[in-house]
Amino acid sequence: MTYILYFLSILSLAQSAVITKWSPLSVSQLGFWRLLVASVILRLIFSPKGLFKKPQKLLYVFVCGVSLYLHFYSYFYAAKNTSVAHTLLLFSLNPLFTGLISRYALREHFSKFLLFSFACGFAAVSCLVYPLIVLQQSLNLADLSAL
């Protein structure tokens, strides 16, 4: 069952940019519907007790929801306004940004091997994206949005 879920998650993530590119909906509409579906799925799976009794928890939920919507908006904007390949290459830097945020915001410590793997991953994505940037002579707003 774990392998099936793993395969389905990779398949759905790989198809996201392609489906977004072909969709006639605007970026705002895509973000709204995707956030709504994610909220319904999470609500069906998890039902937090006392969520509405503590305003601080409700504030965290609101901030997470707004952040997720901004993530969806920037990703869909990039998928609609640049090539799918370029979107996916730049989007593959997410583990690096997540690691940096956890390092500086949550004060997590990483081993030297993990830092080395981050450096190798960044170098690999840079080697893949560099020819695209050289051909275009600059990054545009859609590329920065994907990043």
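Fair warning: this is a prediction, and the values are worked out from it, not measured in the lab.

**Some words on the overall build of the chain**
Looking only at helices and strands, one finds 7 helices and 0 strands in the chain. Within the span of the chain, comprising 147 residues, buried residues form 19% of the whole. With the model as given, the accessible surface of the chain reaches about 11000 Å², and the carbon-plus-sulfur share is 75%.

**Re a nonpolar patch on the surface**
A cluster of nonpolar side chains, Leu-25, Phe-32, Trp-33, Leu-36, Val-37, Val-40, Ile-41, Leu-42, Leu-44, Ile-45 and Phe-46, forms an exposed patch at the surface whose accessible area comes to about 1100 Å². Inspection of the secondary structure puts Ile-41 in helix α2 (residues 27-45).

**Side note on the packing of helix α1 (residues 2-22) against helix α3 (residues 55-81)**
Taken N-terminus to C-terminus, the directions of α1 and α3 make an angle of 65°; their axes are 8 Å apart at the nearest point. Comparing their axes, α3 and α1 come out roughly perpendicular. Read as a crossing pair, α1 and α3 show a hand that is right-handed. Across the interface between the two elements, Ser-16, Ala-17, Thr-20 and Lys-21 from α1 touch Tyr-75, Phe-76, Ala-79 and Lys-80 from α3. Looking at the contact of α1 with α3, its residues break down into 4 nonpolar, 2 polar and 2 charged.

**Structural notes on α2**
The end-to-end C-alpha distance of α2, which contains 19 residues, comes to 27 Å, matching closely the 27 Å that a straight helix rising 1.5 Å per residue would cover. Burial in α2 covers these residues: Val-27, Leu-30, Gly-31 and Leu-35. Take α2 and look down its axis: the buried residues cluster within an arc of 120°, on one side only. The exposed residues of α2 that point more than 90 degrees off its buried face are Arg-43 and Leu-44. Residues of α2 that are buried sit in contact with α1 and α3.

**Thoughts on the nonpolar core**
Ala-17, Val-27, Leu-30, Leu-35, Phe-72, Tyr-75, Phe-76 and Ala-79 form the largest nonpolar core, which has 8 residues in total. Sorting the residues of this core by element identifies α2 and α3 as the ones contributing at least two each. By residue number, the principal contributor to this core is α3, which donates 4 residues.

**Digging into the packing of aromatic side chains**
Under the definition given, this model contains 3 aromatic pairs. Between Phe-32 and Trp-33, the aromatic rings sit 5.1 Å apart at their centres with planes inclined by 75°, giving edge-to-face as the arrangement. Phe-32 sits in the partly exposed class, given a relative accessible area of 45%.

**Quick word on α3**
With 27 residues, α3 extends 39 Å between its outermost C-alpha atoms, agreeing within 8% with the 39 Å of an ideal straight helix rising 1.5 Å per residue. Burial in α3 covers these residues: Phe-72, Tyr-75, Phe-76, Ala-78 and Ala-79.

Cut-offs and rules
Throughout this document, residue positions are counted from 1 along each chain, in the order its sequence is written. Whole-chain, interface and lining totals are the exception, using all residues; otherwise, since this is a predicted model, local features are given only for residues with pLDDT of at least 70 and side-chain atom pairs are given and counted only at 80 or more. Hydrogens and water are ignored here; the side-chain numbers use all heavy atoms of the structure. Only runs of H or I of at least four residues qualify as helices and only runs of E of at least two qualify as strands under DSSP, and these elements are numbered from the N terminus. Any residue under 20% of the maximum accessible area for its type is buried, any over 50% is exposed, and the rest in between are partly exposed; the area is computed with a 1.4 Å probe on protein chains only. Each accessible area is a Shrake-Rupley result for a 1.4 Å probe, and residues are judged covered by the shown protein chains and nothing else. Patches here: salt-bridge-free residues with over 30% relative accessible area, like charges joined within 9 Å, nonpolar side chains (Val, Leu, Ile, Met, Phe, Trp, Tyr) joined within 5 Å. Any Lys or Arg side-chain nitrogen located within 4 Å of an Asp or Glu carboxyl oxygen qualifies as a salt bridge. Here an angle of 0 to 180 degrees is reported between the N-to-C directions of two axes, which are lines fitted to C-alpha atoms, with helices fitted over the stretch in contact. For this classification, under 35 degrees means roughly parallel, over 145 means roughly antiparallel, 65 to 115 means roughly perpendicular, and everything else is oblique. For any pair of crossing helices, the crossing counts as left-handed if the nearer helix is rotated counterclockwise from the farther one by less than a right angle, and right-handed if it is rotated clockwise. Whether two residues are in contact is decided by their heavy atoms: any pair within 4.5 Å suffices. Think of it as three bins: nonpolar holds Ala, Val, Leu, Ile, Met, Phe, Trp, Tyr, Cys and Pro, charged holds Asp, Glu, Lys and Arg, and polar takes everything else, Gly as well. What a helix is expected to span follows from its residue count: subtract one and scale by 1.5 Å. Directions drawn from the helix axis to the C-beta atoms are what define this arc. Throughout, nonpolar core names a set of buried Ala, Val, Leu, Ile, Met, Phe, Trp, Tyr and Cys residues whose side chains join them through atoms within 4.5 Å. Ring geometry is summarised as follows: Phe, Tyr and Trp rings, the Trp one being its six-membered ring, pair when their centres sit within 6.5 Å, and such pairs are stacked at plane angles under 30 degrees, edge-to-face over 60 and tilted between the two.

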